[in-house]
Amino acid sequence: MGWTVGKSADHLPYLGVQSAESVGKWDGLWESLQTTFHIWESSLQTAFHIWQAAGFLGGWIILQLLQRGEDPKRIRVLDIRLPSRVDLRTGRAQHATFLRPISDAFWAPWPEEGTNDEGITVFHSAATIRYCERIPALFSRSTDVNYEGTKNVIMASKDIGASILVYTSSTAIAVRRSRFWLWPWETRPQFFVQVINDDDSLIPKYHEHFCSNYAAPGGDIVCGSYLVRKFNPTWFKNILQSYVYVENCALAHLCHEQRLIKLEKGGANPDIGGQAFTITDTGPPCTVADVCLSLSTLDSACKFPNCSPTLMLSLAHVIEVLYVSKTLLSTDLIKLQPSPFAASNVHLIVDDTRARLSPSDGGLGYNGPCTTLQGICKTADAHCKAGEERSQTGGIDLHRKAWRMPKCLGKVQKSVEEQRVKSPITTLMGDAEAAGSVLSG
């Protein structure tokens, strides 16, 4: 089995933008940022199961499979909701099979036309993103989907005879929790600067060492949510972090799959089955200030006023107490708790050297062509054209509307409840809290 580890995001690394003057003129920028993703040869497998592909990362995996020439009739999408993205409801993508309910989707018969006995690939990119929680008593809300659900997907993949499983995780699983309340003689948190790579020894061994129960904030929709909200107070512009643009992340999944298939067919390259590969964008990491400057330049209505990190961390502790005591319910402010600070307020540098090695050297041959500046521009361009539903729930909204449940979240929860009544999905998802699984990547 193959495991691709990456921080799925619709924004991300090197900008090299330090001032408004350095941005210069944007005339012709879009033409210069048109990046071509080359997706190698096609028809390596009979069929493809893509778990949670009506959403963000899974949707891009579908589009790249089609780009490399796969038959849409051989692509099966397993999700508890139908896709809302225009690019998944038009063109060749609309001919892929989107299955609901998902309890029987793994075993549904394939169309005879265009199939053979080559094999089945499963891409598993589903997760419930509860990054604001760190209390052990709430741990089951994440593990029901992210741990038990994944075990069920693995067992189902074996039952249908799948030959390849590529699983999406987050690089932040290796992020150590930091203590931000310092003694007078201390100058910075112990884990203020962290380098993330494929070294398994970096992964924390105890719950209190992880940054949260989920282990990572929902970075895949943060930039899109900035563009939706317009007004975005921030308290960590100085932070330097690596990210990965979603098309680069999808490309790495397909790259990993091809390496595993060639090994299965007797290839001479080193066996990478069961190994994790950390990936990021091309170029050095960027600061949050770079991201803010780029977005405010592309959309002048997007503002990023500065806030005191001490004030916001103090408020986060108060909100955590209210949240745990169930006094504050169903508002966007529940995301402002101490656990996201452990991932957002430290410098995180991702090293994907091993993934970029050639297959003969034990790598994936991954070379994501998109830089952070290109990713941000693509995100802004997509937002201006059509918007993205999941961006409405990303990040932390400090506007007065944050005290009310987001409309889209209310619709999702209502849809999930109706779906659970019509057809329970516990066969694959375990006793998961389905509302959380819908908001996954």
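Residues numbered from 1 in each chain as written. Predicted model: local features only at pLDDT ≥ 70, side-chain atom pairs only at ≥ 80, totals over all residues. Heavy atoms only, no water.

**A closer look at the nonpolar core**
Thinking step 1. Ile 61, Ile 62, Leu 65, Ile 75 and Phe 123 are the most contacted members of the largest nonpolar core, which has 36 residues in total.
Thinking step 2. Going through the elements one at a time, β3 (47–51), α3 (57–67), β4 (75–78), β7 (164–169), β10 (244–245), α6 (246–264) and β11 (276–279) are the ones with two or more residues in this core.
Thinking step 3. Per-element tally for this core: the top contributor is α6, with 8 residues. (Core = buried A, V, L, I, M, F, W, Y, C linked by side-chain atoms within 4.5 Å. Buried < 20%, exposed > 50% of the residue type's maximum accessible area, 1.4 Å probe, protein only. Helix = DSSP H or I, 4+ residues; strand = E, 2+ residues; numbered from the N terminus.)

**Regarding the confidence of the model for the protein**
Thinking step 1. The predicted model of the protein averages 75 in pLDDT, with 70% of residues at 70 or higher.
Thinking step 2. Of the regions scoring below 50 in pLDDT, residues 1–40 engages in 161 contacts with residues more than four places distant in sequence or in other chains.
Thinking step 3. In this model, residues 402–410 is a region of pLDDT below 50 whose contacts with residues beyond four sequence positions or in other chains number 16 contacts. (pLDDT = per-residue confidence, 0-100. Contact = heavy atoms within 4.5 Å.)

**Focus on the side chain of Thr 121**
Thinking step 1. Positionally, Thr 121 belongs in strand β6 (residues 120–124).
Thinking step 2. In this structure the side chain of Thr 121 is engaged in a polar contact, spanning 3.0 Å, whose partner is the side chain of Glu 257. (Polar contact = N/O pair within 3.5 Å; in protein donor to acceptor, adjacent residues only side chain to side chain.)

**Regarding a nonpolar patch on the surface**
Thinking step 1. A surface patch of nonpolar side chains, amounting to about 220 Å² of accessible area, comprises Leu 315, Val 318 and Leu 322.
Thinking step 2. Examined against the element boundaries, Leu 315 turns out to sit in helix α8 (residues 309–324). (Patch = residues over 30% accessible without salt bridge, like charges linked within 9 Å, V, L, I, M, F, W, Y side chains within 5 Å. Areas by Shrake-Rupley, 256 points an atom, 1.4 Å probe, with all protein chains shown as cover. Salt bridge = Lys/Arg side-chain N within 4 Å of Asp/Glu carboxyl O.)

**Re the pattern of salt bridges**
Thinking step 1. Across all of its chains, the model carries 12 salt bridges by this definition.
Thinking step 2. Note that Glu 257 is salt-bridged to Arg 68, the shortest N-O span being 3.0 Å. In this pair, Glu 257 sits in helix α6 while Arg 68 sits in the loop between α3 and β4, placing the two residues 189 residues apart along the sequence.
Thinking step 3. Its relative accessible area of 0% is what places Glu 257 among the buried residues.
Thinking step 4. By relative accessible area, which is 5% here, Arg 68 ends up buried.
Thinking step 5. As a salt-bridge pair, Asp 198 and Arg 354 come within 2.8 Å of each other at their nearest N and O atoms. Pair noted here: Asp 198 is in the loop between β8 (193–196) and α5 (222–229) and Arg 354 is in helix α10 (residues 353–356), with a separation of 156 residues, a long-range link.

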